[in-house]
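A closer look at the structure
Each chain, letter by letter, is given below.
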Amino acid sequence: MIEDMTTGKPTKKILLFALPMLLGNIFQQIYNLVDTIVVGRFVGPDALAAVGSSFTMMTFVTSVIIGLCMGAGILISQLFGAKEYIRMQRAIATSFYFILAITLAIMAITLLFTDLILALFQTPAEILADTKTYLTFIFWGLIFTFFYNFATCLLRAIGDSKTPLYALIVACLVNVALDLVFVVVFHMGVRGAALATVIAQGVSALLGCLSAIKKLSFLQIQRENLIFDRDMFQMTARYSVLTSIQQSIMNFGILLVQGLVNTFGATAMAAFAAAVKIDSFAYMPVQEFGNAFSTYVAQNVGASDTQRVKLGVHAAIRTIIIFCIIISSLVLIFARQLMMIFVDACETAIIDIGAQYLYIVGVFYVLIGFLFMFYGFYRGIGQHSMSIILTILSLGTRVALAYLLAPTTIGLVGIWWAIPIGWAIADTVGFVVYGRGKWTRFVADYGKHFVKPKDQLKKS
């Protein structure tokens, strides 16, 4: 269903659009966990370590492609809101060629230098062969990652967040079924788990692309518009690359903190791993709300409706506060019980450290809620550099403070406190820049930011 977010009640529009995205994220988490669970239970600990150690690299590489698609989706969403359908066609074609070329380059680099990547990550010798096997399959499957995420961003740009969810549910079910068949029945080990993942990705890519083609039929796409438009490429590249950089910075900062936690030993590592999983599920709704908010903002920027963008910001603030009060309360009350989902009750040291993390960080979920809102807002208005600045402030502060405080007597507690402090600093800057109101001039003069093609395309 195509959803025009330039009309109707902002809160209702954003929430209805965000809900399928939230459900999709949950299925994505299940999708990612299936290989780990099946391999761990039916193959063995070395195979489990191989799949688990591959996840960080997978996340980093795919975040580049996802970020590029997200950035292109914002530009396309703005054009949809402005009803600039001919430019929209050219933006779709240009971003497709651009991101496809980068995806193929990433595939080539990762496949050629897999051994070097594994060496840089200091992969233990006993799991080296299985890790290489798993990653090789995954790297070949990056082409499906591109097609699915590009189709998803096109659909979300026109207000359809349900269709990508359906494709992801089907892919998740396919992945589970094939994991059981390849690993349990045919005893293919890590190779079977990787093959199941790639096939499932191919299914989601096919379903997503077919749906996007059908949903975008209203554009009445003409062959002369399916070109690489140099003028449109300038904006496409800026939107895509800057969003991709932001996504990559986020994952790189998390890697640095993880490395610091590792120096405190296996108990701290286990506690941190479990607590972060709880974290990610706890603030997942506000994360997806922020992503949905970016589409809302982008469409209304395209319509040059400054007042409606402001109404959306006010609605977002209220929604985030209400949700985070509820979720923070639940996490604080059930912190220890939540930790016991991941470890046995007798592992008191792990539970204590993980609960300590949740007691400190869980109070401040509203701060990361605002941060996701600002990411969505500044992406939506086309000021991607501001999103990068906020990311650097948040993660830079977090990493710097963590490395300063960890060697002191407070140790791990310093790492935990660095997280909400980083969020707070980034939020403060986000609110100050928003309050100055300079962004309103961009929204009001949105159409002037496009370079007219030589054939002077007319607004549809």
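Here's a quick rundown of the structure. (Residues numbered from 1 in each chain as written. Predicted model: local features only at pLDDT ≥ 70, side-chain atom pairs only at ≥ 80, totals over all residues. Heavy atoms only, no water.)

Core analysis: the largest hydrophobic core is formed by 123 residues, its most contacted members being M88, F293, L358, Y365, F377, I415 and W416. Tallying contributions element by element places helix α2 (residues 45-81) first for this core, with 16 residues. When sequence neighbours within four positions are dropped, the list of residues in contact with L358 reads A275, I278, D279, V331, L332, A335, M339, V363 and Y365. (Core = buried A, V, L, I, M, F, W, Y, C linked by side-chain atoms within 4.5 Å. Buried < 20%, exposed > 50% of the residue type's maximum accessible area, 1.4 Å probe, protein only. Helix = DSSP H or I, 4+ residues; strand = E, 2+ residues; numbered from the N terminus. Contact = heavy atoms within 4.5 Å.)

What follows covers the pattern of salt bridges. Within this structure, the stated rule accounts for five salt bridges. As a salt-bridge pair, E84 and R87 come within 2.7 Å of each other at their nearest N and O atoms. There is no split in this pair, since E84 and R87 are both buried. When the shortest N-O distance is used, the salt bridge between D115 and K132 registers 3.1 Å. In this pair, D115 is assigned in helix α4 (residues 114-120) and K132 in helix α5 (residues 125-140), connecting sequence segments 17 residues apart. A relative accessible area of 48% means that D115 is categorised as partly exposed. Residue K132 is classed as partly exposed on the basis of its relative accessible area of 35%. (Salt bridge = Lys/Arg side-chain N within 4 Å of Asp/Glu carboxyl O.)

A few words now on the packing of aromatic side chains. On inspection of all chains with the given rule, the structure shows 24 aromatic pairs. For the ring pair Y85 and F218, a centre distance of 5.5 Å and an interplane angle of 80 degrees mean the geometry is edge-to-face. Here Y85, found in helix α3 (residues 85-112), pairs with F218, found in the loop between α8 (189-215) and α9 (230-262); they are 133 residues apart in sequence, far enough to count as distant. For Y85, a relative accessible area of 21% translates into the label partly exposed. A centroid spacing of 5.6 Å and a plane angle of 50 degrees characterise the contact between F96 and F146, whose relative ring orientation is tilted. Within this pair, whereas F96 is found in helix α3, its partner F146 is found in helix α6 (residues 142-157), the two being separated by 50 residues in sequence. With relative accessibility at 0%, the residue F146 sits in the buried group. Put simply, the rings of F370, F374, F377, Y378, F431, Y434 and W439 touch in pairs and so form one group of aromatic residues. (Phe/Tyr/Trp six-rings, centres within 6.5 Å; stacked < 30°, edge-to-face > 60°.)

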